[in-house]
Amino acid sequence: MVFGGVVPYIPQYRDIRRTQNAEGFSTYVCLVLLVANILRILFWFGRRFESPLLWQSIIMIITMLLMLKLCTEIRVSNELNVKRRSFADFDLNYFWHWSKFTDYVQCVLTFTGVTGYITYLWLDSSLFVETLGFLAVFTEAMLGVPQLYRNYQNRSTEGMSIKMVLMWTSGDTFKTVYFILNQAPFQFSICGLLQVFVDIAILLQVYLYSHYPQKPVSHTAHPASTKAL
């Protein structure tokens, strides 16, 4: 349970390093997991759950930061004569498409500080704590959506590690069964099932686009839309 969640990203990380190309992987996956696991850790302060799930969140945050570091370095090295963007610009058009890894760290620390302070103020409210838990697992359940959308835009799954998605599916299935059998908070079980459905949808894309090649969806060539995902 502690390390199983990060295993799917090992083949994707190795593929990106080997090809020096991160275009097939959506860094919004990292954003989703960072937000979800930070919220899950804050939820733990209001309603204690099993320690393996807490350590799983800590390990996942570290892993996503490593993925972001690699993707950012490779993307920036491949972009020539492109204006550098930073978190301090506060430009929503380039949100999560910054030029330095430190900008992502600043964003994560800012989010953690703000949500941590709000949680501290409302920790005695059971409604707030339960809502926080739901947001944590629901955000994680949306993990595969950025990749699903990216595949839809490209009409292809090229550059995406199929091993990663297969591990997502098996891991999420195991995790959901674990939640149910160990009577984890109900939010965990419901959103775990949703996560499995999204994984299956991505696997269907792999089959569809490999057997029935299609043209990419046409969209305006704006930096935020063509490079953000």
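If you're wondering where the values come from, they're calculated on a predicted model, not measured in any experiment.

J.: Please set out the packing of helix H6 (residues 145-154) against helix H8 (residues 186-211) residue by residue, giving values where relevant.
T.: Orientation of H6 relative to H8, taken along the N-to-C sense of each, is 20 degrees, at an axis distance of 9 Å. Between H6 and H8, the interaxial angle falls into the category roughly parallel. Judged by the sense of rotation from one axis to the other, the crossing of H6 with H8 is left-handed. Facing H6, whose interface residues are Val 145, Gln 147, Leu 148, Asn 151 and Tyr 152, H8 presents Val 198, Ala 201, Ile 202, Gln 205 and Tyr 209. In the contact of H6 with H8, the residues fall into seven nonpolar, three polar and no charged.

J.: Hey, could you go over unusual backbone geometry for me, with residue numbers and the actual values?
T.: In the Ramachandran plot, Phe 90 falls in the positive-phi region, its phi being about 55 degrees despite a non-glycine side chain. The backbone of Arg 155 sits at a positive phi, close to 50 degrees, despite the residue not being glycine. Secondary-structure assignment places Arg 155 in the loop between H6 and helix H7 (162-181). For Arg 155, a relative accessible area of 17% gives the class buried.

J.: Explain the confidence of the model for the protein to me, using residue names and the numbers behind them.
T.: Mean pLDDT for the protein: 85, with 93% of residues reaching 70 or above. Confidence scores differ between elements of the protein, with helix H9 (residues 223-227) showing the lowest mean pLDDT of 35 and helix H4 (residues 101-122) the highest of 96. pLDDT under 50 marks residues 219-229. Its contacts with residues more than four places away, or in other chains, come to 23 contacts.

J.: Describe the pattern of salt bridges, listing the residues and the values that go with them.
T.: All chains considered together, the criterion is met by eight salt bridges. As a salt-bridge pair, Glu 140 and Lys 175 come within 2.9 Å of each other at their nearest N and O atoms. Pair noted here: Glu 140 is in helix H5 (residues 126-141) and Lys 175 is in helix H7, with a separation of 35 residues, a long-range link. Each member of the pair, Glu 140 together with Lys 175, is buried. Its relative accessible area of 7% is what places Lys 175 among the buried residues. Salt bridges linked by common partners bring Arg 40, Glu 140, Asp 172 and Lys 175 together as one network.

J.: Break down the packing of aromatic side chains for me, with residues and values.
T.: What the rule picks out here adds up to 15 aromatic pairs. Here the aromatic rings of Trp 96 and Tyr 104 are separated by 4.9 Å at their centres, their planes lie at 90 degrees, and the arrangement is edge-to-face. Through pairs of rings, three or more aromatic residues link up here, namely Phe 87, Phe 90, Phe 95, Trp 96, Trp 98 and Tyr 104. Seen from the ring of Trp 44, Arg 48 lies directly overhead, with NZ or CZ sitting 3.9 Å from the centre. Arg 85 extends its terminal NZ or CZ atom over the ring of Tyr 94, reaching a point 3.9 Å from the ring centre.

Definitions and cut-offs
- Residues numbered from 1 in each chain as written.
- Predicted model: local features only at pLDDT ≥ 70, side-chain atom pairs only at ≥ 80, totals over all residues.
- Heavy atoms only, no water.
- Axes fitted to C-alpha atoms, helices over the stretch in contact; angles between N-to-C directions.
- Helix = DSSP H or I, 4+ residues; strand = E, 2+ residues; numbered from the N terminus.
- Parallel < 35°, antiparallel > 145°, perpendicular 65-115°, else oblique.
- Left-handed = near helix turned anticlockwise from the far one by under 90°.
- Contact = heavy atoms within 4.5 Å.
- Nonpolar A, V, L, I, M, F, W, Y, C, P; charged D, E, K, R; others polar.
- Buried < 20%, exposed > 50% of the residue type's maximum accessible area, 1.4 Å probe, protein only.
- pLDDT = per-residue confidence, 0-100.
- Salt bridge = Lys/Arg side-chain N within 4 Å of Asp/Glu carboxyl O.
- Phe/Tyr/Trp six-rings, centres within 6.5 Å; stacked < 30°, edge-to-face > 60°.
- Lys NZ or Arg CZ within 6 Å of the ring centre and 35° of its normal.

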